[in-house]
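# An overview of the molecular structure
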2 protein chains.
Amino acid sequence: MLGRIVVDDVRPRTPGGRNPAKVAEHELFDVSADVLTDGHVLLAARVRTRPPDGVWSSWAMDDLGNDRWSAGGVHLEGLGRHDLVVEAWIDRYATWRRDVEAKAGVGAEIATELDEGVLLLRRLAVHAPAARRARITDAADALDDADTSLDTRLNAALDDAVAAALDGVALPDDITEGHVGAIWVDRPRALFSSWYEVFPRSEGGFAGVARHLPDIQAMGFDVLYLPPIHPVGRTNRKGPGNSLVAGAGDVGSPWAIGGPEGGHTAISPDLGTLDDFKGLVQGAQEHGMEVALDYALQCSPDHPWVTQHPEWFHHRPDGSIKYAENPPKRYEDIYPINFWPADDGDRLALWQACRSIIDYWIDQGVRIFRVDNPHTKPFAFWAWLIETVQRTDPDIVFLAEAFTRPKVMAKLAEVGFTQSYTYFTWRTARWELREYGVELTSGPTADYMRPNFWPNTPDILSGPLRYGSLAAFRLRALLAATMMPSWGVYRGFEHGENEPASPDNEEYAHSEKYETKVRTWGTDAPLGELLGRLNRIRRDHPALHRLRGLTFHDNGNEDVLVYSRRSYDGDDVVLCVVNLNPDEVREDTLGLHLDALGILPGATFDVVDELTGAVYSWTGANPYVRLDPAVAPGHVLVVRP
Amino acid sequence: MLGRIVVDDVRPRTPGGRNPAKVAEHELFDVSADVLTDGHVLLAARVRTRPPDGVWSSWAMDDLGNDRWSAGGVHLEGLGRHDLVVEAWIDRYATWRRDVEAKAGVGAEIATELDEGVLLLRRLAVHAPAARRARITDAADALDDADTSLDTRLNAALDDAVAAALDGVALPDDITEGHVGAIWVDRPRALFSSWYEVFPRSEGGFAGVARHLPDIQAMGFDVLYLPPIHPVGRTNRKGPGNSLVAGAGDVGSPWAIGGPEGGHTAISPDLGTLDDFKGLVQGAQEHGMEVALDYALQCSPDHPWVTQHPEWFHHRPDGSIKYAENPPKRYEDIYPINFWPADDGDRLALWQACRSIIDYWIDQGVRIFRVDNPHTKPFAFWAWLIETVQRTDPDIVFLAEAFTRPKVMAKLAEVGFTQSYTYFTWRTARWELREYGVELTSGPTADYMRPNFWPNTPDILSGPLRYGSLAAFRLRALLAATMMPSWGVYRGFEHGENEPASPDNEEYAHSEKYETKVRTWGTDAPLGELLGRLNRIRRDHPALHRLRGLTFHDNGNEDVLVYSRRSYDGDDVVLCVVNLNPDEVREDTLGLHLDALGILPGATFDVVDELTGAVYSWTGANPYVRLDPAVAPGHVLVVRP
């Protein structure tokens, strides 16, 4: 049965409500809900939260009007699934106080009301914390003192100290535990992270990458993501440019996983030994970074599973195993796994085997997995895998590499993925960046889907980067680094690698997926310094550590995008004014939403450009800007009220 | 565990999902849902519905794009709670067909695909209806015929007759019963109704009202709503104008229910006997009308419950019972009921007693209840009451008279109320009528809340009706009658009664709540003919029988409101062009959305004014209109493509 009070539409939440919404540890956020009851009584409400195996904390909710209530500044400590309860009760004291004040205000008879107040205070005192009980009982006594005037008696009960003593005190029958749910708490890096993707085989294996950790650290990244490090299949190995014929020295696609040396828990001999890998994991840690591994659930024809577990693959009428294809495209070097074999025992064994891969790499020190094509495996599998892994290891991060339809991407996040790739690479016009930014940071998915913005990946060279100038690369880096709390680039970006495989193909020319590449490190990379500066700005500004708090401002020119980010407490505000045209100077007059910047109308305020150090003094909402892409992609301005 | 396929966000639905959405019997509507799975397989989906104790029907769903699916033209027969299931499955045949056609299209090898097709068709044939099995098996045989060409074999399996035989056929393991819910089916009058409110005591009791049934029928109403017909209390009886002192002959407020003659199941002797009442119920039926009773759960101090069940009321410290008040307002002639007494047994007895009132009047032939102030009683009570009443009598209609905050009104509808009063009386400007119209007919509440538009009630004389001309009354009647499928007026409206109690008071002067009124009937009422015409237009046009299907059109003048209504099948379209200014002529050029009218761009079409019979021939989207409030409040145009 319904309780006396109805609690509806609690946020944050996932659409289905079965899976928890997500926050990061220490992240400040709001919990809000509709709280309704019948009649004219006044309500009070609070949020109660409890970490796994912990004790309850309580957060007072305020009435925002129109029956919406909110608790601000909620923050959760301890990883994992926290219980969340929204509890509401009839505030008998506030209701009595409102009614007696209304009557007294019109000079009506209040003697009976005072008698009611006495009874009420005595009843409430029983349920008050012991330390406050005397204060409430004293007020009841004063209210009950027939020897003094009505006014004196009333004032004794309306005293602020009495109200404070009664704060949160309720009669047990008046309380409705209106909503019981959960929130998942991830570690801070699940929310705020800067990724750098590198193919170790192009760098001389793990040891080679380890030598350049200082260079990567100088660029400010904190997640070092490696494409699959496992043995690459021989059968149907791909040659350069995804050609069907591989030469003797061709390295093949690292996503064609498995060979005589082993499968997903083996290491390609070209890259080094397990000890070399652990050395890289350790070295990364010493340089403020963490290694992320690729989790690509597919097999080369030479993977041990193919012979050991043929029941985990799709078979054709002639007995052969089906290779991956998306007609007319073919991936002859890969067998997809059949995640839903007819026999339930087979399915369970397969899912456990997939999980044991994760367990193995966790044992080697890996806590972040970038998951390849999760949208081609069942949602039910991911829900099961992530839940069971995180039950014991709640710090494990899963990034979903699903470039597919929006509802599928959101559903993957809903069933458990920690972060998600996005459509950012294809969003280039002002209107679509605005629309997408609003959707991701304040739409329904913001409660559970954390976008990770990548200007490029080994699969995608798109938009202004194709044949693009260094200015185009600067532009896209600035957007990705400041629009979202997580971003990443694929090595080569800092060199401005811009040659596509063909005019109508998003792949790179000489794609590193099929051959190794030789590049320089350090100061030779023309964009390395900018990446380092952007990541430093990101670290310095709490405003850039949140998903929420993004505001788009108005302006005239279609090539100029203006947005600000604001920390939860409002103390830190970063305003970005970006020229989306990498080739031409743009001038514009802005239409700033000063309230989002914490600036009073008409006030004069300073903005400091974190890219150049320049200081501008602006007055009012309509400053003039001139953006020369040859100098910088835009302004990253700290607002100083 | 999640199934292979995910079904989300099924509409229609209520926000919480516990209570069913509502439709009327025979009403055509859409059922839609998100249907998602992993990978590249093609899906199929259907809605299945089942009436109480009935058999399943099935409605094919179409893919609307972006993973949204919909079944159109769903309609349910039989009142009560229908089960609703959205079921999805992998369409193996369509997937195979798509893949083999893609391969054949690029000249790839397809022999193995044909072999796979043979196996697939033979497996599917097992699960096909018996009558279609041979057709599928024949196709499998042809596909398996190694003596003919690949093309011939393929064409045999791609034949449309084969596709038709396989329509809806699925392997049992491929089916996900993704959503199981319910829809409540009301009788048609729950959706489409025209109410007329009359105080029988002003008309000479039930017999007097019965004499004028032909007059009410002539105005086209089909629900005759009577304020409380029970004995009126003596204690603290209100005098004219809500005064505290009632004279000997004063009748008091009929909402102060109960006297020595009885309570909610008794009849005020002034109005007649139970037989007179039954005569009115019977007479109404003979005139195409139904009597609706007021269900006002409160008691005069003289109500039998006050002495029999003091535990059902709020007591003060001095032992007295608390009268109703909303400080500083007081209702000394009414005791509110305490719906949540401390003792659960008392609560249950009270709720059962409230229900027995409904049962009693159902036995006297009443099937519609207008519920007074439901928002001052617990949601849980209404959920329980309506559910238990409708379990045996699913045709009972409950109209919620809750003029309160929007979420409370929506929640009352969600927990079971059939219809709801609205803010219409206070919505007078173009922008607010548009906004409110859109919200009510296409917002989330449209799935379960049915608005009833009243230009006036005995409590509310507002907006342009205050001191208003007859033109103002015509205007408000036109809006209420055509914007929503349910509307109503309180007697006196047809006479243009326009005098408020005071300039800042929404009540009527000489309010009929506290005294009787003498009015004429029939042709003497200056607006009777218009009301009859409006109700006739409503009856004639299926476009006006739906909640959904309202479109607002563009135009320049702020005083001109343009909207159309369209039947589900699109065959009937009514376009209203209303002058919101009752005093001045308005001219305007419209910006019609021709697609909503079923008119091709640039086409010439006729519109026939149902108020005047005038015919206009228009070409294109921008006709000119001239609206003289002295002649008519606007056009009610039937669109003839």
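Here, the structure is the one placed above.
Here goes a summary of the coordinates provided.

This paragraph deals with the side chain of Thr-457 of chain B. Residues and elements named next belong to chain B. Relative to the assigned elements, Thr-457 resides in the loop between strand E19 (451–453) and helix H14 (470–483). On the accessibility criterion, Thr-457 (4% relative accessible area) is buried. Those residues in contact with Thr-457 that sit more than four places away from it in its chain are Tyr-421, Tyr-490 and Tyr-508.

Moving on to the nonpolar core. Ranked by size, the top nonpolar core spans 125 residues in total, and within it Leu-224, Phe-277, Tyr-295 and Trp-382 of chain B carry the most contacts. With sequence-adjacent residues up to four places away left out, Trp-382 of chain B is seen in contact with Tyr-295, Leu-297, Val-371, Pro-374, Lys-377, Glu-387, Leu-412, Val-415 and Phe-417 of chain B. Counting residues in hydrophobic clusters, the runner-up holds 124 residues, among them Val-223, Ile-368, Trp-454 and Leu-530 of chain A.

We now examine the interface of chain B and chain A. When the parts of a complex come together, some accessible area is lost, and that lost area is often used as the size of the interface. With 52 residues of chain B at the interface, the matching set in chain A holds 52 residues. The junction of chain B with chain A conceals about 4500 Å² of combined surface from both sides, 58% of it contributed by carbon and sulfur atoms. Considering only the side of chain B, the residues that lose the most area to chain A are Leu-2, Pro-317 and Lys-407 of chain B, jointly responsible for 13% of the buried surface there. Summed over the shared surface of chain B and chain A, the number is 14 salt bridges. Lys-407 of chain B is the salt-bridge partner of Asp-34 of chain A, the closest N and O atoms lying 2.7 Å from each other. For the pair chain B and chain A, the interface holds 18 residue pairs in polar contact (both at pLDDT 80 or more). Contributions of two or more residues to the side of chain B that touches chain A are made by strand E1 (5–11), strand E3 (29–37), helix H1 (92–105), helix H2 (111–126), strand E13 (324–326), helix H10 (344–363), helix H11 (379–392) and helix H12 (406–415) of chain B. The element best represented in the side of chain B that touches chain A is H12 of chain B, accounting for 6 residues.

Here we take up the pattern of salt bridges. Summed over the entire model, instances satisfying the criterion amount to 102 salt bridges over all chains. For the salt bridge of Arg-370 of chain A with Asp-294 of chain A, the shortest nitrogen-to-oxygen distance reads 2.9 Å. Of the two residues, Arg-370 of chain A is situated in strand E16 (residues 368–372) and Asp-294 of chain A in strand E11 (residues 290–295); the sequence distance between them amounts to 76 residues. Overall, the relative accessible area of 5% leaves Asp-294 of chain A in the buried class. What emerges from the salt-bridge pattern is a single network uniting Asp-9, Arg-11, Arg-13, Asp-34 and Arg-68 of chain A together with Lys-407 of chain B.

Here the focus is the sheet that holds strand E23 (residues 550–552) of chain A. Residue and element names in this part refer to chain A. The strand order across the open sheet formed by 6 strands is E23-E25-E26-E31-E28-E29, and the pairing between neighbours is antiparallel. Each of the sheet's edge strands pairs with one partner strand only, and the pair in question is E23 and strand E29 (615–619). Averaged over all pairs of adjacent strands, the angle between strand axes in this sheet comes to 30 degrees, irrespective of strand direction. Examined bridge by bridge, E23 and strand E25 (residues 560–566) share 3 bridges and lie antiparallel to one another. What sits directly across from Thr-551, in E25, is Ser-564. Contacting E23 and E25, helix H13 (residues 430–442) runs over the sheet at an angle of about 150 degrees to E23.

Attention now goes to the packing of aromatic side chains. All names here are of chain A. Applying the stated criterion across every chain yields a total of 70 aromatic pairs over all chains. A centroid spacing of 5.0 Å and a plane angle of 55 degrees characterise the contact between Phe-473 and Phe-493, whose relative ring orientation is tilted. Placement of the pair is Phe-473 in helix H14 (residues 470–483) and Phe-493 in the loop between strand E20 (486–490) and strand E21 (500–502), with a sequence separation of 20 residues. By relative accessible area, which is 0% here, Phe-473 ends up buried. A network of ring pairs unites the aromatic residues Tyr-295, Phe-339, Trp-340, Trp-351, Phe-369, Phe-381, Trp-382, Trp-384, Phe-398 and Phe-417 as a single cluster. Just above the ring of Trp-351 sits the side chain of Arg-347; from NZ or CZ to the centre is 4.9 Å.

All names here are of chain B. Assignment of secondary structure puts Arg-566 in strand E25 (residues 560–566). On the accessibility criterion, Arg-566 (29% relative accessible area) is partly exposed. Considering only alpha carbons, one finds Arg-566 and His-541, 25 residues apart in sequence, at a separation of 9.2 Å. Leave out the neighbours within four places in its chain, and Arg-566 touches Ala-543, Arg-546, Gly-549, Asp-572, Val-573, Asp-595, Ala-596, Leu-597 and Gly-598.

With that out of the way, let us pick up the sheet that holds strand E4 (residues 43–50) of chain B. Residues and elements named next belong to chain B. Ordered by their spatial adjacency, 8 strands build an open sheet running E1-E3-E6-E5-E4-E7-E8-E2, and the pairing between neighbours is mixed. At either margin of the open sheet sits one strand with a lone partner, and together these are E1 and strand E2 (21–24). Put simply, the sheet's adjacent strands are angled 35 degrees from each other on average, direction ignored. Across 5 bridges, the pairing between E1 and E3 is antiparallel. Among the inter-strand pairings, Arg-11 is bridged to a residue of E3, identified as Ser-32.

Analysis parameters
- Residues numbered from 1 in each chain as written.
- Chains lettered and ligands numbered in written order.
- Predicted model: local features only at pLDDT ≥ 70, side-chain atom pairs only at ≥ 80, totals over all residues.
- Heavy atoms only, no water.
- Helix = DSSP H or I, 4+ residues; strand = E, 2+ residues; numbered from the N terminus.
- Buried < 20%, exposed > 50% of the residue type's maximum accessible area, 1.4 Å probe, protein only.
- Contact = heavy atoms within 4.5 Å.
- Core = buried A, V, L, I, M, F, W, Y, C linked by side-chain atoms within 4.5 Å.
- Buried area = accessible area lost by both parts, 1.4 Å probe.
- Salt bridge = Lys/Arg side-chain N within 4 Å of Asp/Glu carboxyl O.
- Polar contact = N/O pair within 3.5 Å; in protein donor to acceptor, adjacent residues only side chain to side chain.
- Pairing = 2+ DSSP bridges.
- Axes fitted to C-alpha atoms, helices over the stretch in contact; angles between N-to-C directions.
- Phe/Tyr/Trp six-rings, centres within 6.5 Å; stacked < 30°, edge-to-face > 60°.
- Lys NZ or Arg CZ within 6 Å of the ring centre and 35° of its normal.

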